[in-house]
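# Results of the structural survey
Here is how the chains run, residue by residue.
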Amino acid sequence: MKTFEIQFSDINWGEDDAKNDLSLEKYFVEFPGYEDILKGGKRYIIGRKGTGKSAILQKLRLQAEADPTSFAMDISLRDFPLTDFKAMGDRGLQDKSKYVSAWKFLLLTELANLVMQDNSAEDTGGLEQLKKFLVDNFPEGISMADTISRLKQNENKITLACSILAGEHAAVSATETTAQVHYNKAVKVLEGLFKGIHTESTFIILIDELDEGYQGKNTNLNMVILSLLRAVEEISNFSKRSGIRCLPVLALRSDIFDSLEDNDLNKLDDYVLRLNWTTNEKDPWSMKQIAEKRIAATVREKYPDVPVENYWNLVADERATERGLWQYMCMLTFSRPRDIIKLLKTCTARAKGAKLTLNNVKDAEIDYSAWFYREFRDEVQSFMSCWRGALNCITEVAEGRAELKTLLERFEENEEVSSWCRDNKKAPIDVAKTLFDYSVIGCITAKGRWIFKYKDDSLGFMPSYPRYCVHYGFCRKLRLPTRTYGETIFSVYRKYSW
């Protein structure tokens, strides 16, 4: 019988950034609801940072590249000319409706560019006119930033052939008379042109990175996002009525989505897919599938025909702890794919034998905890500049769980934290709330239960609870003991927070 020669260090865990992972299709986990995205039943991918939103879009992107009847394009708020976009808003409106037409025009323009790439599209009265619209207005090609810039220069007007404005379906010529019209009027015209095109192809609009530069309670940006959601709904409904199969798919952080305030949000519920990964190994959303798929991809490259009953046990000493090595590793994470993959990659440099051991994981904890620390830094530093001082206070308390009042006293004594509180009219408890919101710390109830925000986004900080606990992923970096009161942090976590 053929034997395996696979070691833990042989496994390809993929890229840190899913958007750049060209091998993602080999080990992508098709979780519950993924097929609904392809069918158009789900179009809003909502999840915490690091839960795989970008991975889903990359999977869709790679599938489209491999399918001659599918076309995909990206929309991102990274480097997005937000100020110029806001100038496109309807001045007569104040709510989310202010920017809906602007978004619809941008989305339809990008869709038109995709349709032009489809050689199978049949013209029944709209294709040639759509092509002329693009040539007249964007002779150097399409990009969302350039479209917004052009509209700014032309006072929100675009060029349309007079025959198109008149609703005629005859072929147009380069010398035909044109007119300048407001983009708002062009939206209906473009929708009419799409109805004059027949194709069996699918056009996917991938909308991501809407959290770029986002800060809590950013009213202006919230309105822009709300208007984008409305525009996506209108484009989806338009697609059902026309001959164009357009699938807009929008990825958004759950904390941003849940902070939006609008009477119509609940109407989107049927189309929302929330990413809810769990450490429960038998759950359909189990994170363990993510690791096992990547192990399987490496194994199958070398041994395509040899049966394997358990890919994780093939490369890891699962019995290294009473509750299992996998659960020990999950304890270091926020139950996010990004965290567990980073930990596995960090462990790769430490693993010397065929299988990953508990000692390997413990050796990797210092480097991994430093990465975990930097993740928090990158998220919080733009609006709470005293973050480093706050974490230093946790180190000074020197316990994985302690009295909340002790931490608040440290905040008051720390010059960096106290200065920030004075300058921003905040109190030490506000610093503790921010640490809770990012799951650096959790609350301990009167009955001893540990409560962390990452386990339930709807939870708020509860200052009435007398004690707090530090997430184990931060303990090494903050130089906290991994044993407290004679009980390992691991056993406490298993007892109260799983």
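Residues numbered from 1 in each chain as written. Predicted model: local features only at pLDDT ≥ 70, side-chain atom pairs only at ≥ 80, totals over all residues. Heavy atoms only, no water.

### Quick look at the overall build of the protein chain
What counts is decided by this rule: The helix and strand labels rest on DSSP assignments: H or I over at least four residues marks a helix, E over at least two residues marks a strand, and numbering proceeds from the N terminus. Buried residues are those whose accessible area, probed at 1.4 Å on protein chains only, stays under 20% of the maximum for their type, while exposed residues exceed 50% and partly exposed ones sit between those limits. The contact criterion used throughout is that any non-hydrogen atoms of two residues lie within 4.5 Å.
A tally of helices and strands in the protein chain yields 22 helices and 15 strands. Along the three orthogonal principal directions, the C-alpha set of the protein chain runs to about 85 × 70 × 35 Å. Taken over 498 residues, the protein chain has a buried fraction of 53%. Put simply, of all contacts in the protein chain between residues at least 6 apart along the chain, 73% involve residues at least 24 apart.

### Focus: the confidence of the model for the protein chain
We apply this condition: The predictor's confidence in any single residue is recorded as pLDDT, a number from 0 to 100.
Chain-level pLDDT for the protein chain is 88 on average; 93% of the residues reach the 70-or-more range. Mean pLDDT across the elements of the protein chain bottoms out in strand S15 (residues 487-488) (44) and peaks in helix H19 (residues 415-423) (98). A low-confidence stretch, residues 484-488 stays under pLDDT 50, and its non-local contacts, those more than four residues away or across chains, total ten contacts. Long-range and interchain partners of residues 492-498, a stretch whose pLDDT sits below 50, account for 24 contacts in this model, where long-range means more than four residues apart.

### Observations regarding the sheet that holds strand S8 (residues 245-253)
Whether parallel or antiparallel, the strands of a sheet pair through hydrogen bonds between backbone atoms. Heads up, the rule is: We treat two strands as partners when DSSP finds at least two bridges between them. A fitted line through C-alpha atoms serves as each axis, taken over the contacting stretch for helices, and the angle formed by two N-to-C directions is quoted from 0 to 180°.
With parallel pairing, five strands are arranged side by side in an open sheet as S2-S7-S8-S1-S9. Both edges of this open sheet fall to strand S2 (70-76) and strand S9 (272-274), since each of them pairs with a single strand only. Strand after strand, the sheet turns through a mean of 20 degrees between neighbouring axes, direction not considered. Where S2 and strand S7 (residues 202-208) come together, seven bridges link them in parallel fashion. Looking at the pairing, Ile75 lines up with Ile207 of S7. Sheet contacts for helix H5 (residues 100-115): S2, S7 and S8; angle to S7, the most-contacted strand, approximately 135 degrees.

### Side note on the environment of Arg294
Inspection of the secondary structure assignment puts Arg294 in helix H12 (residues 288-302). By relative accessible area, Arg294 is classed as buried at 10%. With 283 residues separating them along the chain, Arg294 and Ile11 place their C-alpha atoms 7.2 Å apart.

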